[in-house]
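Report on the structure
Residue-level listing of the chains:
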Amino acid sequence: MLGICRGRRKFLAASLTVLFVPAITWIYLFAGSFEDGKPVSLSPLESQPHSPRYTASSQRERESLEVRMREVEEENRVLRKQLSLAQSRSPSHHRGNHSKTYSMEEGTGDSESLRAGIVAGNSSECGQQPAVEKCETIHVAIVCAGYNASRDVVTLVKSVLFHRRNPLHFHLIADAIAKQILATLFQTWMVPAVRIDFYDADELKSEVSWIPNKHYSGIYGLMKLVLTKTLPSNLERVIVLDTDITFATDIAELWAVFHKFKGQQVLGLVENQSDWYLGNLWKNHRPWPALGRGYNTGVILLLLDKLRKMKWEQMWRLTAERELMSMLSTSLADQDIFNAVIKQNPFLVYQLPCFWNVQLSDHTRSEQCYRDVSDLKLQKQLSELDEDDLCYEFRRERFTVHRTHLYFLHYEYEPASDNTDVTLVAQLSMDRLQMLEAICKHWEGPISLALYLSDAEAQQFLRYAQGSEVLMSRHNVGYHIVYKEGQFYPVNLLRNVAMKHISTPYMFLSDIDFLPMYGLYEYLRKSVTQLDLANTKKALIVPAFETLRYRLSFPKSKAELLSMLDMGTLFTFRYHVWTKGHAPTNFAKWRTATTPYRVEWEADFEPYVVVRKDCPEYDRRFVGFGWNKVAHIMELDAQEYEFTVLPNAYMIHMPHAPSFDITKFRSNKQYRICLKTLKEEFQQDMSRHYGFAALKYLTAENNS
């Protein structure tokens, strides 16, 4: 979920310090001199000489007024400074139950990222024109229990601190674990103008333990119901947040929404963006009662003083008791009870705009929040496609935007100073994760990987990587997460992402299921120099072989590899199913070659190559299985790259189960038809782009 604003709004707020200015001064300033019963305008538009109201007398009055305003502004500045000093000297008092206070109104942040955010948003006078009055404290309540929630809440706090301009007071309803972690964290963090109060969650359990709850949050997911009783009695309003919230704007803008509450409105909530409360997610789905789609309680504005007067405690308890007689338990913890109360008392709610709580979980429709800010260029591209085209989904994939998280894990690498450094580039999905450790053992140089994962898989990958001594010992591997979207595997997009984010002058374009020979990294760096890749357009070919055995004694030299070829332990790559893909490498010549040799492009050639980082990108129209590498090699040829085979380099493909995409290619006739159509269109595009030199691609016999 995200707390988001559609744009910074401009608010004009009077300073509290005006109370110290003599009353006669303000009468003079705001009454001014009157003409025809109207106050004199301070607008510069009305002070121009061509205005019919402009006279020498009024000009003198305006100048006098401006001088007096400057004097008052200087008085205000001095008074603000005195008020700030007085506040900093006054002791911090706590007036709540079950809590301990950590006042952090002085000091400097020890986190570089947070220090940058605080400096950007704070000054000694609480910032410049925030959405609420300067120096007004914003109160935030969070229920936080256990190790995981303690980690999540740090991300939430960072996002709030990055944008905030006002003092903050966090009210943390925490168990013993979270209190120990967060108390130490905030004490050592020393963020200025932040105060922390802890409230013992264990003492509150008896208030809600009688409610059966199936939600994963357990008993802690019900504790927002008792905040009117838990928080200090003199606290009038509070923003309540779930730990998995991230703010993308100043929280003061949300705090300012309290001023829009009218009548008996005491709860600020965003409408639920899933169909949960509509009861149509699956057969026999029976949710708690709710008003329409119901409301999500990840972000709540609570007007505490009015809620207490309305006897909120009695209201929610009676509602819960009544509904539990038929529902037996809650499914969504406090959210079910909040919605049941609202169903009976709709006047309690002020509906917040949906961008204050964009819900990114399953079955949500959060995209409705952003219809007015959709990518017009993308919409235009999609509108030009024919939806009746049998290959529409293939064509659409070319324009699909995939959420991408660069450098998902720590990356730290400085390329070699001799300008010969090479990065291995590859892409993978979750089913190829087991190859990572082996590749790291075979290739000691930098690696750039694009991983195609869902959000859940990204967390699985994180746990896998953190549990691997091999992966954690390597800081020169860049992991870039491209999140799943659409029905096809965007293989060439992934390659482009991995290619774009390398820091070396050269790259080895490989696949994740190949193991490079031991020492290939150093051999390629020497070859880059010997073959003058810096000043010539060359693609250095690393010959590819394969084994059908899951257990292989990897050859440590070319001589050993040749012996294994003769024995039938190894084969040239895909010789038995797709000979054309690597036949131009000329393996017969490679067996005896001692120096690099040049080969010519042929139809369907798709070798693994080392090129400069400025080489063409892969064509995104090719997704899943088929022609994705072939098209790239064709474009290298069209740009007059020389293909040079390295005589002492090799890589070996390791066996694995067929991918989902190759299965679709083999079983789905329409898939094969569309791939053939896209291939022909690509060849035509090449001919148009590269002219006469590219005519051979139209006439080449390509039977992929």
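Residues numbered from 1 in each chain as written. Predicted model: local features only at pLDDT ≥ 70, side-chain atom pairs only at ≥ 80, totals over all residues. Heavy atoms only, no water.

Right, let's get into the pattern of salt bridges. Counted according to the given criterion, the structure contains 25 salt bridges. For Asp334, the salt bridge identified is with Lys224, shortest N-O distance 3.9 Å. Pair noted here: Asp334 is in helix H11 (residues 334–344) and Lys224 is in the loop between helix H6 (201–208) and helix H7 (227–230), with a separation of 110 residues, a long-range link. Accessibility classification places Asp334 together with Lys224 in one group, the buried group. Residue Arg621 pairs with Asp619 through a salt bridge whose shortest N-O separation is 2.9 Å. Given the relative accessible area of 14%, Asp619 is considered buried. It is possible to trace a salt-bridge network through shared partners that takes in Glu207, Lys229, Glu313 and Arg317. (Salt bridge = Lys/Arg side-chain N within 4 Å of Asp/Glu carboxyl O. Helix = DSSP H or I, 4+ residues; strand = E, 2+ residues; numbered from the N terminus. Buried < 20%, exposed > 50% of the residue type's maximum accessible area, 1.4 Å probe, protein only.)

Spatial ordering of the open sheet is given by S13-S16-S15-S14-S17-S23-S19-S24-S22, a layout of nine strands whose pairing is mixed. Taken across any chain shown, the strands that pair with only one partner, and hence form the sheet edges, are strand S13 (404–405) and strand S22 (597–599). Both strand S15 (residues 447–453) and strand S16 (residues 477–483) contribute to a ladder of seven bridges, which runs parallel. Across the sheet, the residue bridging to Leu453 is Tyr483, located in S16. The strands that helix H18 (residues 520–530) touches are strand S14 (422–429), strand S17 (506–509), strand S19 (538–542) and strand S23 (608–612); relative to S14, the one it contacts most, it runs at about 130°. (Pairing = 2+ DSSP bridges. Contact = heavy atoms within 4.5 Å. Axes fitted to C-alpha atoms, helices over the stretch in contact; angles between N-to-C directions.)

Within the secondary structure, Lys134 sits in the loop between helix H3 (112–121) and strand S5 (138–144). For the pair Lys134 and Arg165, spaced 31 residues apart in sequence, the C-alpha separation works out to 8.4 Å.

Here we come to a nonpolar patch on the surface. A contiguous nonpolar patch, built from Phe692, Leu695 and Leu698 and spanning about 330 Å² of accessible area, is present on the exposed surface. Looking at the secondary structure, you find Leu695 in helix H24 (residues 695–699). (Patch = residues over 30% accessible without salt bridge, like charges linked within 9 Å, V, L, I, M, F, W, Y side chains within 5 Å. Areas by Shrake-Rupley, 256 points an atom, 1.4 Å probe, with all protein chains shown as cover.)

Scanning the model with the defined rule gives three cavities of 30 Å³ or more in all. Taken together, Leu509, Pro607, Tyr608, Val609, Tyr618, Lys629, His632 and Ile633 make up the lining of the largest cavity. Mapped onto the lining of the largest cavity, the elements with two or more residues apiece are S23 and helix H21 (628–638). Here the element with the most residues in the lining of the largest cavity is H21; it accounts for three residues. A class-by-class count of the residues in the lining of the largest cavity yields six nonpolar, one polar and one charged. (1 Å grid on protein atoms, 1.4 Å probe; cavity = no way out; pocket = protein on both sides within 12 Å on 5 of 7 lines; lining within 4 Å. Points joined across faces, edges and corners; volume = space filled by probe spheres on them. Nonpolar A, V, L, I, M, F, W, Y, C, P; charged D, E, K, R; others polar.)

Here we take up the sheet that holds strand S18 (residues 514–516). Here four strands make up an open sheet; going across it, the order is S18-S25-S20-S21 and the pairing mixed. Lying at the two open borders of the sheet, with one neighbouring strand each, are S18 and strand S21 (571–572).

Attention shifts here to the pairing of S23. Buried residues dominate S23, accounting for five of its five residues. As paired elements, S17 and S23 share four bridges and run antiparallel to each other. Residue Leu509 lies in a different strand from S23, and its bridge partner there is Val609.

What follows deals with helix H19 (residues 558–567). Looking at H19, one finds that the buried residues are Lys558, Leu561, Leu562, Met564 and Leu565. The buried side chains of H19 occupy one side of the element, clustering within an arc of 160° when seen end-on. Exposed positions of H19 whose direction lies more than 90 degrees from the buried face are Ala559, Asp566 and Met567. Where the residues of H19 are buried, they touch strand S20 (544–546), S21, helix H20 (587–592) and strand S25 (651–653). Where H19 terminates, the next one or two residues include Gly568, which has phi positive at roughly 85°. (Arc of directions from axis to C-beta.)

All told, the structure shown has 21 aromatic pairs when counted by the stated rule. Measuring from centroid to centroid gives 6.1 Å for Trp210 and Trp316, while their planes differ by 10°, and the two rings are stacked. Of this pair, Trp210 sits in the loop between H6 and H7 while Trp316 sits in helix H10 (residues 312–327), and the two are 106 residues apart along the sequence. Given a relative accessible area of 31%, Trp210 falls into the partly exposed group. Residue classification places Trp316 among the buried residues on the basis of a relative accessible area of 0%. Centroid distance Trp255 to Phe258: 5.3 Å. Interplanar angle 80°. Geometry classified as edge-to-face. Above the plane of the ring of Trp590 lies Lys558, whose end atom (NZ or CZ) is 4.3 Å from the centre. (Phe/Tyr/Trp six-rings, centres within 6.5 Å; stacked < 30°, edge-to-face > 60°. Lys NZ or Arg CZ within 6 Å of the ring centre and 35° of its normal.)

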